[in-house]
Amino acid sequence: SFFFFFLLGGAILAVSSDSWFSAWCGLELNLMSFIPFMAVKKDMYTSESSLKYFLIQALGSAIIVLGCICIIFIPMMKWVSASALLLKMGAAPMHFWFPSVMSGLSWGSCMVLMSIQKLAPLGLLSYIVGSMENSYMIMVSIVLGAFVGSVGGLNQVFLRKIMAYSSINHMSWMLVAMLVGDRCWTLYYMFYVLVSGSVLYLFYSQQMYHISHMGTYKWSFLSMLTFMCLLSLGGLPPFTGFIPKWFVIQEMMNMSFYFPLFFLLSGTLISLYYYLRLIFMSLTVSSLSLKWGKEFFFSSKKMSLYMYISIVGLFLPSFFFFI
């Protein structure tokens, strides 16, 4: 709890700061607080991921300092700081470290890395995007993120790497929402944390790490819950994950962003393919025993909570209609 307090404090300090120095201090506080989270599980893979993450984040911080110096003398050099923030949050084309770091972490650390650790870079990047003369660099990142996040997950068999490429794909949606406005990307971020958190908790509760762990010996609540959570994460209507994409698509149509919208929708369709592959494993593959299973999860109230999170999108449009 001590480190988690400073983790949130560093992210809030970076987002709410009025100078690049205090923002840099917040990012460093956030980094130093997250390293103990990663090192809770002491093994070779966690140590490797912790070292990779520390080196990448240190490189990103150094580039941010360089970008601040460049902005003082050449205001047009804001793209240097923007590229450093893309590196820090693992967005394309600076995504190369993100899947390998995710593959060595526990599910709890993966959730923090996919949610809280992206908050400060996203907030700082929104300030830069709002003051940049053109957004060509962000457009390139959006198109590459939609492509890498969808195609990169096709040949993966480890669930943590699949979730990493899913996060890269969602980052491209958040970046295009950032071009629309602060409210739009904030709304998308909140829904993203909600839906991805339900999927990660499902994997954590059943100790699933490989695609073969998705098999069940019969139709069960696990199959139904996996079905709804993964389709919601993929943004398939009418589940909850489609709601923020619906708002973003409407705003992009109003702003005539047809070119990036084509790549985003194409990437979403491809990513739905490997979500469906996981669902088919959960529905069709038979296993005589589940040594990794924890069936007591399904008798708890948490199951109904995450089922509600996934299907609330079915009723939300009706709610807006009555309002």
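Residues numbered from 1 in each chain as written. Predicted model: local features only at pLDDT ≥ 70, side-chain atom pairs only at ≥ 80, totals over all residues. Heavy atoms only, no water.

Quick look at the pattern of salt bridges now. If you walk through the whole model with that rule in mind, you get 1 salt bridge. With its nearest N and O atoms 3.1 Å apart, the salt bridge here joins Glu48 to Lys52. Remark: Lys52 and Glu48 occur in helix α3 (residues 44-73); sequence separation between them is 4 residues, near one turn of the helix. The partly exposed category is assigned to Glu48, whose relative accessible area is 40%. (Salt bridge = Lys/Arg side-chain N within 4 Å of Asp/Glu carboxyl O. Helix = DSSP H or I, 4+ residues; strand = E, 2+ residues; numbered from the N terminus. Buried < 20%, exposed > 50% of the residue type's maximum accessible area, 1.4 Å probe, protein only.)

Further remarks concern the packing of aromatic side chains. With the rule as written, the count across this model stands at 16 aromatic pairs. Relative to Phe98, the ring of Trp97 lies with its centre 5.4 Å away and its plane at 85°, an arrangement referred to as edge-to-face. Taking relative accessible area as the criterion, Phe98 reaches 0% and is therefore assigned buried. Through successive ring pairs, a cluster of aromatic residues spans Phe4, Phe34, Phe37, Tyr53, Trp97 and Phe98. Positioned above the aromatic ring of Phe98 is the side chain of Lys118, whose terminal nitrogen or guanidinium carbon lies 4.1 Å from the ring centre. (Phe/Tyr/Trp six-rings, centres within 6.5 Å; stacked < 30°, edge-to-face > 60°. Lys NZ or Arg CZ within 6 Å of the ring centre and 35° of its normal.)

Caution applies to low-pLDDT parts of the model: their predicted coordinates are not meant to be read in detail. Across the protein chain, the average pLDDT comes to 84, with 84% of residues at or above 70. Mean pLDDT across the secondary structure elements of the protein chain bottoms out at helix α15 (residues 316-322), with 49, and peaks at helix α9 (residues 159-180), with 94. Taken as a whole, residues 287-299 scores under 50 in pLDDT and shows 27 contacts with residues more than four places along the chain or in a different chain. For the stretch residues 318-323, pLDDT sits under 50, and the model shows 1 contact to residues farther than four places along the chain or on other chains. (pLDDT = per-residue confidence, 0-100. Contact = heavy atoms within 4.5 Å.)

We now examine the environment of Glu251. The topology assignment puts Glu251 in helix α12 (residues 242-254). Taking C-alpha positions, Glu251 is 8.4 Å from Ala177, a pair spaced 74 residues apart along the chain.

A separate point is the packing of helix α2 (residues 20-38) against α3. Where α2 contacts α3, the two axes come as close as 10 Å, and the packing angle between them is 175°. Classified by the angle their axes make, α2 and α3 are roughly antiparallel. Of the residues in α3, those in contact with Trp20, Trp24, Leu27, Glu28, Leu31, Met32, Phe34, Ile35 and Met38 of α2 are Thr46, Ser49, Ser50, Tyr53, Phe54, Gln57, Ser61, Ile64, Val65 and Cys68. (Axes fitted to C-alpha atoms, helices over the stretch in contact; angles between N-to-C directions. Parallel < 35°, antiparallel > 145°, perpendicular 65-115°, else oblique.)

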